[in-house]
Amino acid sequence: MTQKLLASFNEAGYLDQAGQALNFVCGAIAAYDAAAGHDPLRSLDVERVYSAVELLAERRDLEVSPFVASWHPAVDVWDRPRLPSFWDKRFAQALAKPGFDTARDEVVALIRSATGQGTGDVYRGLADRMVQQLKQLVAIPPGQTAYLGPLLEMARDKRVDVTTLNYDLAVEQEGAARGIDVSTGIESWTSHRSWDGPEKGVRLLKLHGSIDWRAATSEAQLGHIAREAIAVARIDDHGAPQVVFGKRGKLKGGGPFRSMLSEFEQRLAGALTLISIGYAYRDDHVNHIIEQWLAADHRRGIVVIDPSWSSGGGRGSGPDYRDGLKARLNPDWLPEGQERPPNRMTYLEMGAGDGLQHLLGSDTGPAEQSPPIP
């Protein structure tokens, strides 16, 4: 996704300050990883880039700032106030005026644009634009979600609980195409802070938000505090999507996100099998819930569908955590005389469509054994 994001900024013909700052951030992260011997392209995760942009925007106010003597010189280069338009004309006019105050101000503006410290405004604006770009970057054209067919068909005559970390509308689109009810529960949360859903169909929890969610605030009565609300909007409107983006904001306090985590934990408690599709295991708050769910009942297990399992899925804590979890659930070494317990983690090294069809059967018929989906 990072490559698509870069292309959206660089293909505009005119690269503004925010685009130049994004190129610098991505280049610096890639160079840092390459110097450590890592693949700089694979490790250029878009959420890591966004987190870096957020930190650079607030670099003067971070707890560690008193201990940083200097930042990379280019951090300020792309964040300095730009020289005002028609500066030369303004300066000439200032020289023609009596007194030196106006001319002095123009000289100060020139010096600041060349050597001054950045304010963080460019990086703050870049962060906002990156979130806006999500609406286009993760949008899925109609007709490209048929691989979800086995999952949706399982929900035709019963309720199926699905939890996703994705922002896109893939499940909603495929449900609409098949005439199967898909409810995120966000309207229910907005009205009475619960996650009600249909008796038949998909109850979809979107832990990190959705590209069609927008912040809304109910009107506050005198002496009361306005109630947070989420409105569902067209993805092509100009509002900022309500999403959890970047590595630093996964446990943000506002909005429905903490409530959804609690609901996910409750729904998971009613299942014996978790089907994990494409999850990289890089979200500590989600990993913790899964780990405690596994710890509560030795009969519980995970089926992982991931075509890149053997390759490790990239750099970072995700592959390390996943491999460690597998080692605990499927131990290779046993004390002498101890009977080997059943493996509790199974992986299918295939894409989502093939994996769902393997587990749940085709669009028109169930598999012989269909594990429940929390």
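Residues numbered from 1 in each chain as written. Predicted model: local features only at pLDDT ≥ 70, side-chain atom pairs only at ≥ 80, totals over all residues. Heavy atoms only, no water.

## A few points about the environment of Lys326
As a reminder of what qualifies: A run of DSSP states H or I qualifies as a helix once it reaches four residues; a run of E qualifies as a strand once it reaches two. Both are numbered from the N-terminal end. For every residue, the accessible area (1.4 Å probe, protein chains only) is compared with the maximum for its type, and the residue is labelled buried under 20%, exposed over 50%, or partly exposed between those bounds. In what follows, a contact means two residues having at least one pair of non-hydrogen atoms within 4.5 Å.
Relative to the helices and strands, Lys326 is located in helix α13 (residues 317–329). Residue Lys326 is classed as partly exposed on the basis of its relative accessible area, which comes to 25%. On a C-alpha basis, the gap between Lys326 and Thr346 in space is 8.8 Å, while along the polypeptide they are 20 residues apart. Setting aside chain neighbours within four positions, we find Lys326 in contact with Trp309, Met345 and Tyr347.

## Overview of the pattern of salt bridges
The condition is simple: We count a salt bridge whenever a side-chain nitrogen from Lys or Arg sits within 4 Å of a carboxyl oxygen from Asp or Glu.
In the structure shown here, the tally under the stated rule is 20 salt bridges. Across the pair Arg178 and Glu153 runs a salt bridge whose closest N-O atoms are separated by 2.8 Å. Placement of the pair is Arg178 in helix α9 (residues 170–178) and Glu153 in helix α8 (residues 149–154), with a sequence separation of 25 residues. Assigned by exposure class, Arg178 and Glu153 land together as buried. A salt bridge links Asp237 to Arg214; its shortest N-O distance comes to 2.7 Å.

## Looking at unusual backbone geometry
Negative phi is the rule for most residues except glycine; trans is the rule for most peptide bonds. Although it is not a glycine, Arg193 adopts a positive phi angle of roughly 55 degrees. Structurally, the position occupied by Arg193 is in the loop between α10 (186–192) and β3 (201–206). In this structure Arg193 comes out as partly exposed when scored by relative accessible area, which is 30%.

## Some points on the pairing of β3
Heads up, the condition is: Paired strands are those between which DSSP finds at least two bridges.
β3 sits mainly inside the fold: six of its six residues count as buried. When strand β1 (residues 159–164) meets β3, the two strands line up parallel, connected through six bridges. For Arg159, the partnering residue across the bridge sits in β3 and is Gly201.

## A closer look at helix α7 (residues 121–137)
Applied cut-off: To estimate how far a helix should extend, the number of its residues minus one is multiplied by 1.5 Å.
Helix length check: α7 (17 residues) gives 24 Å between terminal C-alpha atoms against 24 Å at 1.5 Å per residue, within 8%. Along α7, the positions that sit buried rather than exposed are Val122, Tyr123, Leu126, Ala127, Met130, Val131, Leu134, Lys135 and Leu137. Buried-residue contacts for α7 involve α1 (2–10), α2 (17–35), α3 (46–57), α4 (73–77), β4 (209–217) and β6 (241–243).

## Quick word on the packing of α1 against α7
Rules: Axes here mean lines fitted to C-alpha atoms, for a helix over just the part in contact, with angles spanning 0 to 180 degrees between N-to-C directions. Orientation labels follow simple angle bins: below 35 degrees gives roughly parallel, above 145 gives roughly antiparallel, 65 to 115 gives roughly perpendicular, and whatever is left gives oblique. Gly falls in the polar group here, along with every residue not listed as nonpolar (Ala, Val, Leu, Ile, Met, Phe, Trp, Tyr, Cys, Pro) or charged (Asp, Glu, Lys, Arg).
Running from N to C, α1 and α7 cross one another at 110 degrees; their axes reach a closest spacing of 11 Å. The angle between α1 and α7 falls in the class roughly perpendicular. Seen from α1, the contacting residues are Lys4, Leu5, Ser8 and Phe9; seen from α7, they are Leu126, Arg129, Met130, Gln133 and Leu137. For the contact of α1 with α7, the residue count by class is five nonpolar, two polar and two charged.

## Observations concerning the sheet that holds β1
Pairing is parallel across the open sheet formed by three strands, whose spatial order is β1-β3-β2. The open sheet has two edge strands with one neighbour each: β1 and β2 (182–183). On the sheet, α9 packs against β2 and β3 and is oriented at approximately 165 degrees with respect to β3. Lying over the sheet, helix α11 (residues 257–268) contacts β1 and β3, oriented at roughly 135 degrees with respect to β3.

## Considering helix α14 (residues 352–360)
For the record, the criterion: Here the arc refers to the set of directions running from the helix axis out to each C-beta atom.
Taken together, the buried positions of α14 are Gly355, Leu356, Leu359 and Leu360. Buried residues in α14, looked at end-on, bunch into an arc of 100 degrees, giving them a common side. Those residues of α14 that are exposed and angled more than 90 degrees off the buried face are Asp354 and His358. Looking one or two residues past α14, Gly361 carries a phi angle of roughly 95 degrees, positive in sign.

## Some remarks on the packing of aromatic side chains
Put simply, the rule reads: For Phe, Tyr and Trp, rings pair up if their centres lie within 6.5 Å, where Trp contributes its six-membered ring, and each pair is then called stacked (planes under 30 degrees apart), edge-to-face (over 60) or tilted (otherwise). Lysine and arginine charges are scored as sitting over a ring when NZ or CZ, respectively, is within 6 Å of the ring centre and within 35 degrees of the ring normal.
If you walk through the whole model with that rule in mind, you get five aromatic pairs. Between the aromatic rings of Tyr279 and Tyr281, the centroid separation amounts to 4.4 Å while the plane-to-plane angle is 45 degrees, which identifies the pairing as tilted. Taken as a pair, Tyr279 and Tyr281 share a single burial class, namely buried. Ring pairing ties together the aromatic residues Tyr50, Tyr167 and Phe245, which thus form one cluster. When the ring centre of Trp189 is taken as reference, the NZ or CZ atom of Arg193 above it lies at 3.8 Å.

## Details of the packing of α11 against helix α12 (residues 284–296)
What counts is decided by this rule: Note on convention: near helix rotated counterclockwise from far helix by under a right angle means a left-handed crossing. Clockwise means right-handed.
At a minimum axis distance of 10 Å, the contact between α11 and α12 shows a crossing angle of 25 degrees. Viewed along their axes, α11 and α12 adopt a mutual orientation that is roughly parallel. The two elements α11 and α12 cross, and the hand of that crossing is right-handed. Judged by residue contacts, Leu261, Phe264, Glu265 and Leu268 of α11 engage His285, Val286, Ile289, Ile290 and Trp293 from α12. Grouping the amino acids of the contact of α11 with α12 by side-chain chemistry returns seven nonpolar, one polar and one charged.

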